[in-house]
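Chain by chain, the residues:
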Amino acid sequence: MTVGTLSTGRGVRPRWLPLAPLALLVTALAATGVLPTWPGLVHLVALPPLDLFGDLRVLLTTTTGPVSFTLCLAVVLAVRVTVLALMTGGLSRRRLALAAAFYGVLLPPMLLAAEFVYMAGTLLYARLFWAGLVAVAVLVLVCAPLPWGPGRRIRDVLARAWHDGFRVGVTLTYGVAVVGIGALAHLFPAATVALVPVSAAATAVAITALTRPARPGGPRRLAAVATSFAVLAWAWVATRDTASEPPGPAPPRAGSILLMSGTDSRSGAGNAFRTRTDLLGYGCDQTHYFSYAGPGNGQPRGEALCPIRTGAPYVSAHTQTPVGEQVRSFAAQTEDLPRPLVVVGHSQGAWIAWRAVATGAAPRVDALVLAGPFPESVSGYRPPGEPGPGRPASDLLHLLTPLSRAVDFAFDTESAAGYELLGTTDAPAAVFGLPLPGHTRSLSVVSTVDLPLMPSGWRLPVDRNACPVRAPHAYLPTSPAFYEEANRFLDGAPAPHCPVFRTWGVPPAVPFTAPAVHAGPRAPCPRPTRAVERRVRTRRRRTSCGGDGSRDRSAATSVRRARWASGSCWPCSAPWSCWSARSPAPCSPARRG
């Protein structure tokens, strides 16, 4: 009998039988608190390789270091290989080798996918989540039928799977079932542990179907499924809110409007700068742009609709300075603007504006429009090398984040704002827990793309929660739906009807997120000794400027790695800004070289 050929004769035990003790073990460990009971728990008894995706998410976020992660991974892989070999016919050397090769080949991509969904929930970057989810879906649909097909070599198994159309009739049906079980776990958290045996039963049914001979016409079914997905993807993109025509200009309004961009923006570059304030009823003489570098006499216009007459020129590094400095900068830039003053805060700008207004630092804000705010961050991350649960996920986050520059996203995980807003678990919820003054009206507009990163809900304690907009997070301030919602809010008009299906995608998607990593706040760095301060100043004078105007941080890196306190303070990305009230100024052309 060839490897993977499964007998179905009378008296032969079912191939899924070894899954039963594994399901009991997962249920017992979850019931006793050893395993986290998040909606993705049901994936631990799923069809391979989805089970591996669940294992890696748990190990990355619960182990305390590389040694414990490696040891636990070895144990988990040994169990998975043994169970898969038993389900495909027995513990022969060949079956064990094929099971080990199956998991070994899929380990690297599944590890990256698991880290991506963790990073997405921590950095609140939905593109990473959807990229990881698509990768997992493709790997499961392609690879799930492989262990159950006949053939002695991997090449023969792949050829047979292609001839059978990768058994899409079975895997797609199973995918719908496991997504539904995960959605139930999200909607009814108390039933999560009880749903583990249900997930195992669905896996057993799928294994039984995969072990039977495939029906003819597999390639045709595969082509039909691929075409259907392509058409649905095209229809989804073509009908987004960004594809519709923008509304006409609103009637002129009194006062002024201040636009705030988010992290990784710079003067004149950022989607908030492209917001058409004329469609909101404001002329260029009423339009102002927030600068993360503080007050000044103007910034480069760049992509902005209107000339930028106020604020100092800033670069991406200024968006990651301590939150307290950003709040003071916001207060200084709003104290002289004509009222009624409307502030539009995009992404990180929503947190800064809310905190400044709620704490009384900026009392002259009359209306606060939040574009793409995140009400929570269920996970945090630790400084490099700091022990504790979630250290492997945190270390990989520090390692992989610099690669995001390849997709035009620069974020310094060791910056002050990074640790304060994203490194600390649930820091955004603490910000929005501060009540606004009674005279400040507020509107929240979120993107449907971001909803899976809001497992506790997308509504904020504001005067109006607009219907989630079908537009990417980055393009939310320039979408026609945003202009319509903002104008209705400013005019005092009732909100339009919100279709129920706008939020239907949340329960199926949340189970594919990672368990929470609880990280406490970082205390500010204590002032270093005078000798260290003189060394930093000397290196700062020798620092050259890059072509994009940003400061070369090689001098800062050596000091950043010197931990001023034993794990109790965030390591500083720009050491001189840790004890200075001013942010580092952008490099000027005259100082280059």
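Residues numbered from 1 in each chain as written. Predicted model: local features only at pLDDT ≥ 70, side-chain atom pairs only at ≥ 80, totals over all residues. Heavy atoms only, no water.

Examining the overall build of the chain
A count of helices and strands for the chain gives 19 helices and six strands. Looking at the 593 residues of the chain, the share that counts as buried comes to 54%. With the model as given, the accessible surface of the chain reaches about 25,400 Å², and the carbon-plus-sulfur share is 64%. (Helix = DSSP H or I, 4+ residues; strand = E, 2+ residues; numbered from the N terminus. Buried < 20%, exposed > 50% of the residue type's maximum accessible area, 1.4 Å probe, protein only. Areas by Shrake-Rupley, 256 points an atom, 1.4 Å probe, with all protein chains shown as cover.)

Some words on the state of the cysteines
The tally for this structure, following the rule as stated, stands at two disulfides. Paired through a disulfide, Cys 284 and Cys 306 show a sulfur-sulfur distance of 2.2 Å. Between Cys 284 and Cys 306, the S-S dihedral sits near -75 degrees, and the bridge is therefore left-handed. Of the two residues, Cys 284 sits in the loop between β1 (256–260) and β2 (287–289) while Cys 306 sits in the loop between β2 and α10 (323–334), which places them 22 residues apart along the sequence. (Disulfide = S-S within 2.5 Å.)

Some words on the sheet that holds strand β6 (residues 464–465)
The parallel open sheet is built from six strands, whose spatial order is β2-β1-β3-β4-β5-β6. The open sheet terminates on both sides in strands that have one partner only, identified here as β2 and β6. In this structure, β1 lies alongside strand β3 (residues 341–346), joined through five bridges in parallel fashion. Each residue of the ladder has a partner; that of Met 260, found in β3, is Gly 345. Together, β1, β2, β3 and β4 (365–371) form the strand contacts of α10, whose direction differs from that of β1 by roughly 155 degrees. The sheet strands contacting helix α11 (residues 348–358) are β1, β3, β4 and β5 (441–445), and the helix crosses β3 at an angle near 140 degrees. (Pairing = 2+ DSSP bridges. Contact = heavy atoms within 4.5 Å. Axes fitted to C-alpha atoms, helices over the stretch in contact; angles between N-to-C directions.)

Looking at the nonpolar core
Membership of the largest hydrophobic core comes to 144 residues, with the highest contact counts inside it found for Phe 53, Phe 330 and Val 343. The element contributing the most residues to this core is helix α4 (residues 93–123), with 13 residues. Excluding its chain neighbours within four sequence positions, the residues that come into contact with Val 343 are Leu 258, Met 260, Phe 330, Ala 353, Val 365, Ala 367, Leu 368 and Val 369. (Core = buried A, V, L, I, M, F, W, Y, C linked by side-chain atoms within 4.5 Å.)

Observations concerning α11
Most of α11 sits inside the fold, with nine of its eleven residues counted as buried. Inspection of α11 places Gln 348, Gly 349, Ala 350, Trp 351, Ile 352, Ala 353, Trp 354, Ala 356 and Val 357 among the buried residues, and these make up the whole buried set.

Thoughts on helix α5 (residues 126–143)
The α-helix advances 3.6 residues per turn, and as a result positions three or four apart in sequence lie on the same side. With 18 residues, α5 should cover 26 Å at 1.5 Å per step; its first-to-last C-alpha distance of 26 Å lies within 8% of that length. Taken residue by residue, α5 has Ala 126, Leu 128, Phe 129, Gly 132, Leu 133, Val 136, Leu 139, Val 140 and Cys 143 as its buried positions. On an axial view of α5, the arc spanned by its buried residues comes to 160 degrees, and they lie on one face. (Expected span 1.5 Å × (residues − 1). Arc of directions from axis to C-beta.)

Digging into the packing of helix α2 (residues 50–62) against helix α3 (residues 66–87)
Look at α2 against α3: their axes get within 10 Å of each other, and the N-to-C directions meet at 160 degrees. In this view, α2 runs roughly antiparallel relative to α3, as classed from their interaxial angle. The element α2 and its partner α3 pack so that their crossing is right-handed. Contact residues: α2 offers Asp 51, Leu 52, Asp 55, Leu 56, Leu 59 and Leu 60, while α3 offers Phe 69, Cys 72, Leu 73, Val 76, Leu 77 and Arg 80. Tallied by class, the residues present in the contact of α2 with α3 amount to nine nonpolar, no polar and three charged. (Parallel < 35°, antiparallel > 145°, perpendicular 65-115°, else oblique. Left-handed = near helix turned anticlockwise from the far one by under 90°. Nonpolar A, V, L, I, M, F, W, Y, C, P; charged D, E, K, R; others polar.)

Some points on the environment of Ser 316
The topology assignment puts Ser 316 in the loop between β2 and α10. On the accessibility criterion, Ser 316 (17% relative accessible area) is buried. Distance from Ser 316 to Asp 412, taken between C-alpha atoms, is 9.7 Å for residues 96 residues apart in sequence. When residues no more than four places from it in sequence are discounted, the contact partners of Ser 316 are Asp 264, Ser 265, Arg 266 and Ala 410. A polar contact of 3.1 Å, which involves the side chain of Ser 316, links it to the side chain of Asp 264. (Polar contact = N/O pair within 3.5 Å; in protein donor to acceptor, adjacent residues only side chain to side chain.)

Focus: the packing of aromatic side chains
The relation between two aromatic rings is expressed through the spacing of the ring centres and the mutual angle of the planes. As enumerated under the stated definition, the model contains ten aromatic pairs in all. A ring pair is formed by Phe 129 and Trp 130, whose centres lie 5.2 Å apart and whose planes are at 75 degrees; its orientation type is edge-to-face. Arranged with centres 6.0 Å apart and planes meeting at 80 degrees, the rings of Trp 162 and Phe 166 form a pair that is edge-to-face. Taking relative accessible area as the criterion, Phe 166 reaches 12% and is therefore assigned buried. Linked through ring pairs, Phe 290, Tyr 292, Tyr 314 and Phe 330 together constitute an aromatic cluster. Over the face of the ring belonging to Phe 489 we find Arg 441, whose NZ or CZ atom lies 4.6 Å from the ring centre. (Phe/Tyr/Trp six-rings, centres within 6.5 Å; stacked < 30°, edge-to-face > 60°. Lys NZ or Arg CZ within 6 Å of the ring centre and 35° of its normal.)

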